[in-house]
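Examination of the molecular architecture
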Amino acid sequence: MASFSEYVFPETIEEAYALNQKRSSVIVAGNMWLRMCGLRKKTAIDLSRLGLDGITEEGDAFTLGAMATLRDLETHPALAREYGGAFGEALSPIVGTQFRRTATVGGSVYSRFGFSDVSALLLALDARVLLHARGETPLRDYQREPWDRDVVLGVRIPKGRRAAARSVRLCSTDLPLLVCAASLGPDGLRLALGARPGRAMIVAEGLPADADEAAFAAIARDVPLGGNRRASEDYRRRVAPVLMARAAAAVRGEERA
Amino acid sequence: MSNRVVGQGVRKKDAMALVSGQGVYTEDIAPGGCLCVKLLRSPHAHAVVRSIDVSRAKEAPGVACVLTWEDAPKTRFTQAGQTYPEFSPYDRLILDRHLRCVGDPVAIVAAETERQALAAIDRIRVEYDVLPAVLDAREALDNETLIHPEADWRALVPECGADNRRNLVAHGCDQDGDVEAELACCDVVIDREYETHANQQCMMETFRAFCMPDAYGRLTVVSSTQIPFHVRRIVATALEISKSRVRVVKPRIGGGFGAKQTAVCEVYPALVTMKTGRAAMLVFTREEAMTVSSPRHAMRMRVRLGATRDGTIRAIDMHTLSNTGAYGEHGPTTVGLSGHKSIPLYTHSLRAFRFSWDVVYTNTMSAGAYRGYGATQGIFAVESAVNELAHALGMDPAALREANAVREGEVMPAYYGETAGSCALSRCIARAKEMIGWAEKYPRRTLPNGHVRAVGIALSMQGSGISGVDTASAAIRLADEGTYNLSIGATDMGTGCDTILAQIAAEALECPLSAISVHGVDTDVSPYDTGSYASSTTYVTGMAVVRACEALRAQIVRAGAKLLGCAQEDASFDGEAVACEASGRRVSLCSIAEAQMTAGMDAIAAVASGGSPTSPPPFMAGCAEIDLDPLTGQVKVVDFAGAVDCGTVVNPNLARVQTEGGILQGIGMALCEMPVMDERGRTMSNSLLQYRIPTRQDAPRIRVAFEPSYEKSGPYGAKSIGECVINTPCAAIADAVYNACGVRVRDLPITPEKVLLGAKGEP
Amino acid sequence: MTVELTLNGRPVRAQVEADDSLYTLLRALGVRSVKCGCETSSCGLCTVHLDGQPVLSCSVPAPRCAGRAVTTLEGLQSEARLLGECLADEGAEQCGFCASGLIMNALALARENPSATDEEIDAYLAGNLCRCSGYVGQRRAIRRYLSRIASGEGRA
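Residues numbered from 1 in each chain as written. Chains lettered and ligands numbered in written order. Predicted model: local features only at pLDDT ≥ 70, side-chain atom pairs only at ≥ 80, totals over all residues. Heavy atoms only, no water.

Considerations on the side chain of A:Thr137
Looking at where A:Thr137 falls in the secondary structure, it is placed in strand S7 (residues 135-138). For A:Thr137, the contacting residues outside a window of four places in its chain are A:Arg128, A:Val129 and A:Leu131. (Helix = DSSP H or I, 4+ residues; strand = E, 2+ residues; numbered from the N terminus. Contact = heavy atoms within 4.5 Å.)

Structural data, given as structure tokens:
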């Protein structure tokens, strides 16, 4: 259990940011995984009253507020239209509808869990993280950084790409043994792998739309993969090109889930 | 003769209370001001407490008591819920200085609130002398590290072959015929090893109990348990008090599946109540329920199976190595079922068998009872070996079974020499094959998307109660308006036995089901019952109910005759009234009930017992159809057909749900339930996030058919059903996977990794 | 800290700790239908409606519920009756410990997608674990419930 002795609703983002500079503070987003980590803090900072829960479409991008829930993403008609149902498909294996109704984008992005289906999909879309102090930062960089004290305000994803994700799981709603997300745009095909089991990362970019199995096999040979209690490195390496090919086929519109 | 109430799929008597969310479970009915009990648990797999400082914990706010090994009674006991003679060794203390697995309790804290109890736990300082740990069952026997070196360790049934100086809880052999000679004559001998692990029951309600003193200075234990009468004995033994000073009450239970056939949690709040005189409650966290509980015994089984070229199975030789963990709960008994409920399936042509076993202590979580109770493990092994034999012979595995499966009337030497008095197994095989479409689907077909669909089959049997051991009593009395109060000691754990036993009573008394009220279990009030386990309730307690109702009918007739002024022999009872044949006069049951409440009439009440020298097996055939993704190794069960012979089906709805639930638990064991322990002996599959049970998206189409036989010794021909139905999926799915891709998995679960990276073909 | 919220239509004022969950608060308020089956947001037993939407009460911080409407099975007895009967008719409630959470989520499903297919039922309710039933009886019960409300039954 996480414990804290004080629960604060900041009225402005500045206030939230200032509170979060103390080591004794922690931001509460969806409170899904946070409660399991045994953290002991003095102050919980609740972002739910800062209007960060919107999903907005502006110009050539969508902005997903940090407090938008996974269920919001999954059921958002414009997102579904733009990305070919990728959010619904990629997020629906996560635990259950009730869970996804309170789990947030910001919580997923900030935590950078290796098993995150969310991170893999957002990486494939080359999302940018909107941070209060630092401003806009590529997710691909943010993914590699240690946890810091900046406040995630949201995520921006470019339009004009089709996306899809494919995963292997021990059973439905389980954490993935490996997940591959793909997106296809004018600059070609981008692939991200999650549950490597380390943090998700982009493993290929600018691939031709019709990249073939040999190309995926070559990528999979060099991707940093590891083993954990759920699956061995060997298994992940065998399955990686399969998921890449399937995700790629899906964004090309050749294969349904 | 057709039955009126038996055979009807009526609602459970408690159904509407449960679906409307009424507070009927243990935690819901705990008294206000109950102390919260928490345990400090060992971080080491094997250690001795060198020193423990609880002074700061005792001073913490809200703390009522902090107890260590120095405060606990020194009499060893077992938490296994078994009737006399108790097979499980007396090897536990409530708190022991010697810690034998990660999670073994080091101290008990009770405080006004959960927060305060947890805060106090943090203030306890312990120094441990860490000892070498035995984590692998194969290294346990005669290891120089002894898990129970204590002088007061005690095996109550020496015939088990237990020897604490060898880390041995049981050892034995049972045989018939000359197995080596028969194997030598066989054209084909399959010799393989199979392995199953410490699966968790994962009932939704974890272990919990509260205790309180009563007005007579006795201890009341309210517990989510399957074994109230054994809990009374266990708590009294552990606390060194007379059994007469303990009363155990069982409210509604949120599932058990055998987990609650072990008194996992009761002794801790009981000790707190004894020490403080206050009500105290312990609710296991899910993590505790996954790491220090009573899972299935992990078993390693070597099967040698011999047959002639034409597919006649001649001999089975089986050895089981069972891991009982740090304590011996159910260790000596579960192992027996691995052979005694698998080998007899092939009685028909079998000339010889040998079944030998060793059960060992290790420094891992103590195992217990899980639905199937050893049969699940053994059937996975033997049924897998039979499938491997079929492939070695080039035979259809279903046809091989049709030729060799036990038939009605055959004496089963591997089942204590009992006769299969009721057995529709052949019909079950035919029905399951037909349901799944075996003829068209065996062995495999490839779908346009590259996935492979394949089928597999397995058989199962279990018992109906423990022969010569289980006993149950039922008490029934006539009440106002001609209704009845039925008291039973069997524990409904959601399975619906209160309703099923009421159906049996309504049948016997020719009354509507609504006229029977059933009382849950209270050891002060209910008649003795060994408890709800070993598939005993419908069969054993059901017989007690029939007998009690017969006795009651005689009393009703006697009372009616007296009121009518006629001879007892001339009177008869039709459920509504007693009639005098000579005069044609009738006296209604209602009038008889009123009369017994006036002076001069005897109370109309009867008690009777059930118990059986035999344990008639229910049988089942299960067929799985899987979808395998050959590029990822992912396996999904898409269809499962189960045909069950449980004798007369008392309540088809409840029997169907039992079967569907059992099948899905079996599917979980086959595919995704993966107990994981690290190199230090810590259970890492410590939550429902890390130990995955199937969700409804993993539940295939499950179809159930009943092929009833008639068991003459059972109530209205009934046998058991609860456990038999969990046993077929593991071997059926393993063979379907083999049929799909040529990979044979002998170590459960069948993960995508084992399928994808597994070696193809026979070894 | 003090939290004011609406519980089953009635205003409630309660003292909570900063790290209390909605589940803890509800049990403290005497709500008995809400159960806890895990500590990892995995089981769905604690499902209640927050502003009409099913959530896991074990994962919602109690302070976050200030000013909001919480509904438990106690507050939906008449709406839940027919679904409860459908479950009972199948024997699919079994031990019943998961029933409250399942019913709360299934009622939300029925409001959102009354013509749900079996696949949609399974997907919507995947976060509600049950160990007794094997789910297929629940599936039959929910299918029957949806068809009965489609024919106009069970409306208050």
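Now that the structure has been shown, we can carry on.
Quick look at unusual backbone geometry
Cis peptide bonds are those with omega within 30 degrees of zero, and the linkage from A:Arg196 to A:Pro197 qualifies with 20°. By the secondary structure assignment, A:Pro197 is in the loop between strand S11 (188-194) and strand S12 (201-207). Here the residue pair B:Tyr84 and B:Pro85 is connected by a cis peptide bond, since its omega of -10° sits within 30 degrees of zero. Within the secondary structure layout, B:Pro85 lies in the loop between strand S3 (63-67) and strand S4 (98-99). If you check the backbone angles, A:Thr173 has positive phi at about 65° while not being a glycine. Counting through the fold element by element, A:Thr173 comes out in the loop between strand S9 (162-169) and strand S10 (176-185). With a phi angle near 55°, B:Tyr416 is a residue other than glycine that sits in the positive phi range.

Focus: the domain arrangement of chain B
Residue and element names in this part refer to chain B. The domain boundaries assigned to chain B delineate domain 1 (33-131 + 204-255 + 259-291), domain 2 (298-464 + 616-757) and domain 3 (467-610). Relative to domain 3, the C-alpha centre of domain 1 lies at a distance of 39 Å. With 21 residues of domain 1 at the interface, the matching set in domain 3 holds 19 residues. A buried area of about 1600 Å², summed over both sides, lies between domain 1 and domain 3, and 51% of it is on carbon and sulfur atoms. At the junction of domain 1 with domain 3, the criterion picks out four salt bridges. We note a salt bridge from Asp498 to Arg252, for which the minimum N-O separation is 2.7 Å. There are nine residue pairs in polar contact (both at pLDDT 80 or more) connecting domain 1 and domain 3. Secondary structure elements with two or more residues in the side of domain 1 that touches domain 3: helix H5 (228-239) and strand S11 (246-250). Examining the composition of the side of domain 1 that touches domain 3, we find that five residues originate from one element, S11, more than from any other. Taken together, the residues of the side of domain 1 that touches domain 3 break down into eight nonpolar, eight polar and five charged. (Domains from an automatic or database assignment. Buried area = accessible area lost by both parts, 1.4 Å probe. Salt bridge = Lys/Arg side-chain N within 4 Å of Asp/Glu carboxyl O. Polar contact = N/O pair within 3.5 Å; in protein donor to acceptor, adjacent residues only side chain to side chain. Nonpolar A, V, L, I, M, F, W, Y, C, P; charged D, E, K, R; others polar.)

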